[in-house]
Amino acid sequence: MDTHQCFWAPSPSSPSSCGCHSAPGTLPVPPVPPVRRSHMWPRPFVKPRPFYHTKPRPRSALRVLQGAAAARGRLEQRPPRRTLCSALRDVTSGGAEARPRPAGSTMSSESSKKRKPKVIRTDGVPAEGKRGKGDTDQETQTLLWRVSTKLEDPSGICMVPSNPPDARYYSEESEVDLRDPIKDYELYRETCQELQRLMAEIQELKSRGIKENASEIDERRVQSCVHFMTLKKLNRLAHIRLKKGRDQTHEAKQKVDAYHLQLQNLLYEVMHLQKEITKCLEFKSKHEEIELVSLEEFYKEAPPEISRPAITLTEPHQQTLARLDWELEQRKRLAEKYKECLTSKEKILKEIEVKKEYLSSLQPRLNSIMQASLPVQEYLFMPFDQAHKQYETARHLPPPLYVLFVQASAYGQACDKKLVVAIEGSVEEAKALYKPPEDSQDDESDSDAEEEQTTKRRRPTLGVQLDDKRKEMLKRHPLSVTLDLKCKDENVLHLTFHYLMNLNVMTVKAKVTTAMEMTTAISAGDLLSPDSLLNCLYPGDHGRKTPNPANQFQFDKVGILTLSDYVTELGHPYVWVQKLGGLHFPKDQPQHTVAADNSLSASHMELTVKLLRSRLQSRLALHKQFASLEHGIVPVSSECQQLFPTKIVSRLVKWTAIPYEDYAELPYTKDVIEAGLAEDTHLYYMALIERGTAKLQAAVVLNPGYSTLPPVFSLCLNWKGERNSSNDDNIRAMESEVNVYYKELWGPKPGYQLLTNQLQRLCMVLDVYLETEPHDPSVEGPKEFPQEKMCLRLVRGPLRLKPFKFNYPQGFFSHR
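From a predicted model like this one, the values you see are computed outputs, not experimental measurements.

S.K.: Just checking my understanding: could you explain the overall build of the chain for this structure?
M.R.: Counting its secondary structure elements, the chain contains 26 helices and 11 strands. The buried share of the chain, reckoned over its 816 residues, is 36%. Here the analysis covers contacts within the chain between residues at least 6 apart in sequence; of these, 66% occur between residues at least 24 apart.

S.K.: Just checking my understanding: could you explain the packing of helix H7 (residues 181–208) against helix H8 (residues 214–282) for this structure?
M.R.: The axes of two packed helices give the description: the angle between them and the distance between them. For the pair H7 and H8, interaxial distance at closest approach is 9 Å and the crossing angle is 155 degrees. Considering their axes alone, H7 and H8 lie roughly antiparallel with respect to each other. Handedness of the crossing formed by H7 with H8: left-handed. Looking at the contact of H7 with H8 residue by residue, the classes come out as 14 nonpolar, 5 polar and 8 charged.

S.K.: Looking at this structure, I do not really get the nonpolar core. What am I missing?
M.R.: Within soluble globular proteins, side chains that are nonpolar generally end up buried alongside one another. The biggest cluster of nonpolar side chains holds 49 residues, and the ones touching the most others in it are Leu495, Phe497, Leu534 and Trp576. At the level of secondary structure, the elements contributing two or more residues to this core comprise helix H15 (399–414), strand S1 (419–425), strand S2 (479–486), strand S3 (492–500), strand S4 (505–513), helix H19 (551–558), helix H21 (575–580) and helix H22 (598–629). Once residues lying within four places of it in the same chain are set aside, the contact partners of leucine 534 are Leu495, Val508, Ala510, Tyr574, Trp576, Leu612 and Arg615. Listed in part, the 48 residues of the second largest apolar core include Ala524, Leu629, Ala687 and Cys791.

S.K.: Got a minute to help me understand unusual backbone geometry in this structure?
M.R.: Here the bond from lysine 749 into proline 750 is cis, since omega is 5 degrees, no more than 30 degrees from zero. Positionally, proline 750 belongs in the loop between helix H25 (729–739) and helix H26 (754–771). A cis amide bond links tyrosine 808 with the next residue in sequence, proline 809, at an omega value of 10 degrees. Phi is positive for arginine 308, which is not a glycine, with a value near 45 degrees. Taking the relative accessible area as the measure of exposure, arginine 308 reaches 30% and is therefore partly exposed. The backbone of cysteine 536 sits at a positive phi, close to 55 degrees, despite the residue not being glycine. Looking at where cysteine 536 falls in the secondary structure, it is placed in the loop between S4 and H19. Classification of cysteine 536 by relative accessible area gives buried; the value is 12%.

S.K.: Would you mind going over the pattern of salt bridges with me for this structure?
M.R.: One side chain can pair with another of opposite charge once the charged atoms of both are near each other. One pass over the structure, following the stated rule, counts 31 salt bridges. The shortest N-O distance in the salt bridge between glutamate 194 and arginine 197 comes to 1.9 Å. Placement of both glutamate 194 and arginine 197 in helix H7 is noted, with a separation of 3 residues, approximately one turn of the helix. When its relative accessible area of 36% is taken as the criterion, arginine 197 is described as partly exposed. Connected via shared salt-bridge partners are Glu172, Glu175, Arg179, Asp184, Lys233, Arg236 and Arg241.

S.K.: Got a minute to help me understand the packing of H25 against H26 in this structure?
M.R.: Relative to each other, H25 and H26 sit at 150 degrees, their axes nearing to 9 Å. Classed by the angle they form, the pair H25 and H26 counts as roughly antiparallel. When the axes of H25 and H26 are compared, the crossing they make is right-handed. Every residue of H26 that contacts H25 at Asn730, Ile731, Met734, Glu737 and Val738 is listed here: Gln758, Arg761, Leu762, Val765, Leu766 and Tyr769. Residue classes in the contact of H25 with H26 are distributed as 7 nonpolar, 2 polar and 2 charged.

S.K.: Can you help me understand the sheet that holds strand S6 (residues 683–691) in this one?
M.R.: Two pairing modes exist for strands in a sheet, parallel and antiparallel, and in both the strands are linked by backbone hydrogen bonds. The strand order across the open sheet built from 5 strands is S5-S6-S7-S8-S9, with neighbouring strands paired in antiparallel fashion. The sheet terminates laterally at strand S5 (651–657) and strand S9 (722–724), the two strands that pair on one side only. Averaged over neighbouring strand pairs, the angle between their axes works out to 20 degrees when direction is ignored. Note that S6 and strand S7 (residues 694–702) share 9 bridges and pair antiparallel. Opposite tyrosine 684, over in S7, you have valine 701 as the bridge partner. Docked against the sheet, H26 engages S5, S6, S7, strand S8 (712–718) and S9, running at close to 35 degrees with respect to S6.

S.K.: Mind showing me how you'd approach H26 here?
M.R.: Residues three or four positions apart in an α-helix share a direction because the helix packs 3.6 residues into each turn. The end-to-end C-alpha distance of H26 is 26 Å, a good match for the 26 Å that 18 residues give at a rise of 1.5 Å each. Burial of H26 is extensive: 18 of the 18 residues sit out of reach of the surface.

S.K.: Even after reading the chapter, I still don't get the pairing of S3, so can you show me in this structure?
M.R.: Consecutive residues of a regular strand have side chains that alternate between opposite faces of the sheet. Of all 9 residues that make up S3, 7 are buried, and the element is covered over most of its length. In terms of strand pairing, S2 meets S3 through 6 bridges, oriented antiparallel. Within S3, the residue paired with valine 481 across the bridge is phenylalanine 497. Count of turn residues in the S3/S4 antiparallel hairpin: 4 residues, of which asparagine 504 carries a positive phi of about 60 degrees.

S.K.: I would appreciate a short explanation of the confidence of the model for the chain in the present structure.
M.R.: Regions with low pLDDT should not have their predicted coordinates read in detail. The predicted model of the chain averages 78 in pLDDT, with 74% of residues at 70 or higher. Ignoring residues within four places in sequence, the model shows residues 1–62, a span with pLDDT below 50, making 93 contacts including any to other chains. Here residues 75–168 is modelled with pLDDT under 50, and outside its nearest four sequence neighbours on either side it reaches 130 contacts, counting other chains as well.

S.K.: For this particular structure, what's the right way to read the sheet that holds S1?
M.R.: Read from one edge of the open sheet, 4 strands run S1-S2-S3-S4, paired in antiparallel fashion. Either end of the sheet is taken by a strand with one partner, and the two such strands are S1 and S4. Within this sheet the neighbouring strands show an average axis-to-axis angle of 20 degrees, counted without direction. With 9 bridges connecting them, S3 and S4 associate as antiparallel partners. Residue pairing in the sheet places threonine 496 in a bridge with lysine 509 of S4. Together, S2, S3 and S4 form the strand contacts of H22, whose direction differs from that of S2 by roughly 60 degrees.

S.K.: Hey, could you run me through the packing of aromatic side chains in this one?
M.R.: Geometry of an aromatic ring pair is reported as the spacing of the ring centres plus the angle between the planes. One pass over the structure, following the stated rule, counts 11 aromatic pairs. Measuring from centroid to centroid gives 5.1 Å for phenylalanine 298 and tyrosine 299, while their planes differ by 65 degrees, and the two rings are edge-to-face. Ring centres 5.5 Å apart and planes at 70 degrees place the aromatic pair tryptophan 719 and phenylalanine 785 in the edge-to-face group. Note that tryptophan 719 is positioned in the loop between S8 and S9 and phenylalanine 785 in the loop between H26 and strand S10 (805–807), a separation of 66 residues in sequence.

S.K.: Teacher, can you tell me more about the side chain of glutamate 737 here?
M.R.: Structurally, the position occupied by glutamate 737 is in helix H25. Not counting the four nearest positions on each side in its chain, glutamate 737 is found in contact with Leu745, Arg761, Val765, Phe804 and Arg816.

S.K.: Just to check I follow, could you spell out helix H12 (residues 316–372) for this structure?
M.R.: Relative to the 84 Å expected for 57 residues at 1.5 Å per residue, H12 spans 81 Å between its end C-alpha atoms, a close match to the ideal helical length. In the structure, H12 departs most strongly from a straight axis at glutamine 363, where the bend amounts to approximately 25 degrees and where the proline proline 364 lies between one and four residues downstream. Of the positions making up H12, those classed as buried are Gln319, Ala322, Arg323, Trp326, Glu327 and Gln330. For H12, the elements touching its buried residues are helix H9 (295–301), helix H10 (304–307) and helix H11 (309–312).

S.K.: Which parts of the structure should I look at to understand the side chain of aspartate 541?
M.R.: Checked against the element boundaries, aspartate 541 lands in the loop between S4 and H19. Although aspartate 541 is buried, it forms no salt bridge, and the closest oppositely charged side chain is lysine 579 at an N-O distance of 7.8 Å. There is a polar contact of 2.9 Å between the side chain of aspartate 541 and the backbone nitrogen of valine 575. From its side chain, aspartate 541 meets the backbone nitrogen of tryptophan 576 in a polar contact 3.4 Å long. Discounting residues that sit within four places of it in the chain, aspartate 541 has contacts with Asn535, Cys536, Tyr574, Val575 and Trp576.

S.K.: Whenever I open this one, a nonpolar patch on the surface confuses me. Can you help?
M.R.: Together, Ile348, Leu349 and Ile352 line one region of the surface with nonpolar side chains, adding up to about 260 Å² of accessible area. With respect to the helices and strands, leucine 349 occurs in helix H12.

About the thresholds
- Residues numbered from 1 in each chain as written.
- Predicted model: local features only at pLDDT ≥ 70, side-chain atom pairs only at ≥ 80, totals over all residues.
- Heavy atoms only, no water.
- Helix = DSSP H or I, 4+ residues; strand = E, 2+ residues; numbered from the N terminus.
- Buried < 20%, exposed > 50% of the residue type's maximum accessible area, 1.4 Å probe, protein only.
- Contact = heavy atoms within 4.5 Å.
- Axes fitted to C-alpha atoms, helices over the stretch in contact; angles between N-to-C directions.
- Parallel < 35°, antiparallel > 145°, perpendicular 65-115°, else oblique.
- Left-handed = near helix turned anticlockwise from the far one by under 90°.
- Nonpolar A, V, L, I, M, F, W, Y, C, P; charged D, E, K, R; others polar.
- Core = buried A, V, L, I, M, F, W, Y, C linked by side-chain atoms within 4.5 Å.
- Salt bridge = Lys/Arg side-chain N within 4 Å of Asp/Glu carboxyl O.
- Pairing = 2+ DSSP bridges.
- Expected span 1.5 Å × (residues − 1).
- pLDDT = per-residue confidence, 0-100.
- Phe/Tyr/Trp six-rings, centres within 6.5 Å; stacked < 30°, edge-to-face > 60°.
- Bend = angle between axes of the 7 residues up to and from the residue.
- Lys, Arg positive; Asp, Glu negative; His and termini not counted.
- Polar contact = N/O pair within 3.5 Å; in protein donor to acceptor, adjacent residues only side chain to side chain.
- Patch = residues over 30% accessible without salt bridge, like charges linked within 9 Å, V, L, I, M, F, W, Y side chains within 5 Å.
- Areas by Shrake-Rupley, 256 points an atom, 1.4 Å probe, with all protein chains shown as cover.

What follows is the structure in structure tokens.
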């Protein structure tokens, strides 16, 4: 069944112009276009070119026709087919009738290309046998239309417009609305497949190389051209659809934008109204900022003509107005009172000015009186003028030294009359630290500066620069505070406190002045040394490291390893020194800035002064004792005679000071070092006690806190071999007598004779040890050490311990 559909509408001039309405195998001949007349006919139909379309070239169409005419003879023998060849044959025959040529005009395709049409000028109307460029374009379009009438898509839809070329105008935009895109897509696929098939056949025919195949190749070439025309038409239709879709999308977007703009306008109006509503709701009157009296006070104090209780209690608005009236009335009264106070204030200020003038005139008179009273002050030991000068100088002290000066002066006046506080140093240098540099320079200084700039100087080396930075960092304040602690025997401890400005720490230097010239003892050289005199005044305070944690970062910048290398010049930065100056550097909670605190200084002042005075007295007592010990004499006071028997044969032979390294090398002192009782800050001595051939060596560790902390003894007996606490239990018991039971040897307070009493007990227990030793029967002769001490029992227990405890007044020895 034929399902062919044709969109070609027959016109009156061509009732059967579509090939689908003619007889099978024939091609209807379209009417010959009339002669063009510019005054009668409009311009030939020329399709408007879109941006994607190029103007067809008539030359290519003529070539197609010429090829078709050349193959006309060969195609007449084939059976009639509705192909491009049969259509071209009919078109060629029809075209020959429509366009008559002069006699002898039959020519080949090659001669037609070379021949030029003969131009005959007429009066504006071209001859019948002459054609212009416009006629050629019109004939080419007519021919292509006639060819396309023979091409139908498989669905039976004719691929030609609904109006013939006689209609002159054709719109593809209207055709797009009538066509189905899906069917166009199917036509596109079939056309592509057909093109692939034709190209494959052309390739196969060309590969054979037979001349007779040229006609078939031309035929397939023509069919390919027709398919390409179909693809172009489909391409134009697709672009038109795309353009229409974009236009529709753009129109819809414009509508959406218009609606969105209306919505934004409405939202803006709503927001504006909401803001106005909020402003109205948040409006506050000025009276709300005024603090009015309470209602109770208002009705109680306000007069009835203002309060009007009958009205205001029921109407809040009238009540507020009445309260405002009462507030205005009160403020008027207060304003009048304020004016009265101002007048009285002016009167008082005038009186103050008069008294200031009187006092300023009184100052010179007082100064003259003070100068006249200086002899009286010296006679009565009341140096008021000197104290006044000290307080004037104290104004230039840095805060830590000022706190120390104030607290020490207050403690000396209240509790310790023998404590003398003074300020030393240059006041002018201290004032210069707080003055800005002066810019006034004369011409000579300018000329000198120019000469210095012109002269070449060697740049300082890195080492010199570091030394300058170190000196600047360790710079002390020009002023210092001195404390003189006097004892009962007129011995004085001089303490000089300095302040390191860049490190924010205080240091102290010590010096001892004795009332009487003391005998020089070799072993007592370190007792009164400034480096060890104040060492460990509080436990663990050696004064070798800076107590300020921030100083370590400052030292790293200038290459200072530790402050202990400079303590000889600067002094020791003890912790108790910082506390006396009100400085506290917490380690668990570091602070950015540390300020001087008066309360901290006051809380440590009394205890520190007592410890300093006790340290001086104990060192002076040791100094006297060492002078006797070096001569082999153990001084024992009369109060301590009862602690020892009347006769002690063993004698002290040698007493010398030894360094810590020598003490640590002794084999019988390892237990003391491991126990932490011997440190490099302690003092070390060696005592030698002899009796006959027996020699007892005692290594003594003297803590800086003597006599609060007792000395520690380590013993080694050289008699019939070397005996110490590791191989002899009795030697260990002898060490216990002096190290454990030292409280029995303390003597009268404050216990400065503890060391000599311990040495005397060592001599006593050595006698007991030697006399209680059993006699060796293999040795002939009398016993070397006859027993002179009375003992209840010579030995006791499995350890065979000897009786070392002396019982007074019975005079015998017993076990503990």
